[in-house]
Amino acid sequence: MTGAAGFIGSHLAHALVRAGTTVIGVDRRDPATDRTAAANLAALQELPGYIHLTADLIHCAIEPLLVDAETVFHLAGIPGVRPSWGSRFGEYLASNVLATHRVMETCTRMGVPRVVVASSSSVYGPTNGGASIETDRPQPASPYAVTKLAEEQLCLAYADRAHCPTSVVALRYFTVYGPRQRSDMFTHRALQAALTGQPLGLYGDGHQRRDFTYIDDAVAATIAASTVPTAHVAINIGGGSSASLLEVVNVAKRLAGRDIQLHQEGPRNGDVLTTRANPHRAHELLGWQAQVDLHSGMHAHMQALAAELPEYSRAA
Ligand code: NAD
Ligand code: UGA
């Protein structure tokens with residue numbers, strides 16, 4: 001698994017190891033020096049069946065990691081829509097596209113049967129508010145989204161070659177939330193504001209809608225994608241809860257029993273107004289549908305956040 005020290009990767013690795021699978025996790029963030037990586041990996045590194053390697057996929061040797069691998073879960077990447085404008089684009093390109101190229105070259109050469117790659121709802125770009133279906137024409141609206149589309153299409157192009165031993169499932173995750181969510185993301189920030197009383201920056205009027213997907217649901221879909229007897233396909237992973245940012249704020253307020261001070265700022269370039277998943281393909285191919293509603297998911301998320309901030313745990 002790549003990106004194992006990250007938010008989604010660490011949850012996925014944990015679930016796989018608990019189910020008896022041996023996982024080799026690779027991530028360039030070193031848990032010895034990076035607090036987020038250390039926190040994400042804390043529960044995992046003690047489990048037999050998990051092996052961690054700190055390495056950068058842009059130049060590390062990938063081949064030795066893939067001997068006898070049944071599945072590669074490729075989650076490593078630079079996420080985040082808004083910071084992808086400007087000078088950091090090279091980093092996005094290197095990790096999301098060039099590193100993916102190295103992963104696919106090695107997987108196909110070594111005959112790894114299945115690659116599950118993390119794509120993104122952002123590949124769809126602006127919509128008319130309706131549900132996005134996998135056959136819609138992608139119109140990525142940010143440099144990040146362009147790299148995610150390139151990443152999934154690169155993986156699918158490799159798998160489409162004649163006699164390719166590797167099949168690919170690209171999962172278009174829709175805004176995933178839950179314990180250990182990245183601190184730049186809205187749900188984390190809204191809950192933190194509710195717990196601490198710090199103000200919350202709102203980019204735009206708060207009527208943006210997301211198809212929020214709880215982390216356990218995203219993990220279940222990802223594991224299902226490793227064995228599904230299909231190849232070369234992109235699948236939407238979303239549909240837990242469609243909500244606006246203002247609705248998320250209200251849930252956070254209710255859960256914490258505290259008001260949130262909103263600081264309205266201008267909308268950010270590349271942000272789309274609405275994401276919404278058409279979930280039919282996920283249901284049909286993976287037998288998957290989201291189980292966790294926003295209120296329950298945010299409750300679990302807040303409890304985990306409060307435990308990280310012991311001085312606020314009373315509010316939870
Ligand atoms: P994250 O930042 O928590 O995890 C990504 C991990 O990848 C990090 O630990 C990072 O160090 C690692 N990484 C990046 N470049 C690397 C490289 N060159 N070599 C080795 N490791 C590298 O992000 P996340 O939220 O867990 O997202 C995981 C994946 O899912 C990303 O590809 C992201 O684009 C995608 N995704 C996330 C969401 C979401 O809502 N969180 C939604 C859609 C898609
Ligand atoms: C999220 C992830 O960060 C991406 O990695 C992922 O690819 C994407 O979901 C996806 O679904 O594909 P995003 O939807 O932008 O991206 O999620 P957030 O970062 O949580 O932002 C959601 C909304 O809240 C955006 O409109 C953003 O502008 C807004 N926001 C965010 C704020 O108003 N204030 C903040 O402090 C942070």
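For the structure, see preceding data.
Residues numbered from 1 in each chain as written. Chains lettered and ligands numbered in written order. Predicted model: local features only at pLDDT ≥ 70, side-chain atom pairs only at ≥ 80, totals over all residues. Heavy atoms only, no water.

(A) Summary view of the environment of Asn 96. Following the sequence through the fold, Asn 96 ends up in helix α3 (residues 89-110). In sequence terms Asn 96 and Val 117 are 21 residues apart; their C-alpha atoms lie 11 Å from each other. Once residues lying within four places of it in the same chain are set aside, the contact partners of Asn 96 are Gly 77, Ile 78, Tyr 144, Thr 147, Lys 148 and Glu 151. Within the structure, the side chain of Asn 96 is placed 3.0 Å from the side chain of Thr 147, a separation counted as a polar contact. (Helix = DSSP H or I, 4+ residues; strand = E, 2+ residues; numbered from the N terminus. Contact = heavy atoms within 4.5 Å. Polar contact = N/O pair within 3.5 Å; in protein donor to acceptor, adjacent residues only side chain to side chain.)

(B) Just the site of ligand 1, in detail. Taken together, 27 residues surround ligand 1, and among them Phe 7, Asp 27, Tyr 144, Lys 148 and Val 176 come closest. The separation between a nitrogen atom of ligand 1 and a polar main-chain atom of Leu 57 is 3.0 Å. Its free accessible area being 820 Å², ligand 1 has 95% of it covered by the protein chains. For the shell around ligand 1, the elements supplying multiple residues, two or more each, are α1 (7-18), β4 (114-120) and α4 (143-160). When residues in the shell around ligand 1 are grouped by element, the largest group, three residues, is from β4. (Near = heavy atom within 4 Å. Areas by Shrake-Rupley, 256 points an atom, 1.4 Å probe, with all protein chains shown as cover.)

(C) Spotlight on the site of ligand 2. The full set close to ligand 2 counts 23 residues, and Arg 82, Ser 120, Ser 121, Tyr 144 and Asp 271 are the nearest of them. In this structure, an oxygen atom belonging to ligand 2 sits 2.5 Å away from a side-chain N or O atom of Ser 120. Within the side chain of Arg 210, one N or O atom sits 2.7 Å away from an oxygen atom of ligand 2. Look at ligand 2: alone it shows 690 Å² of surface, and the protein chains cover 95% of it. Elements that contribute at least two residues to the shell around ligand 2 include exactly α5 (186-196) and β7 (200-203).

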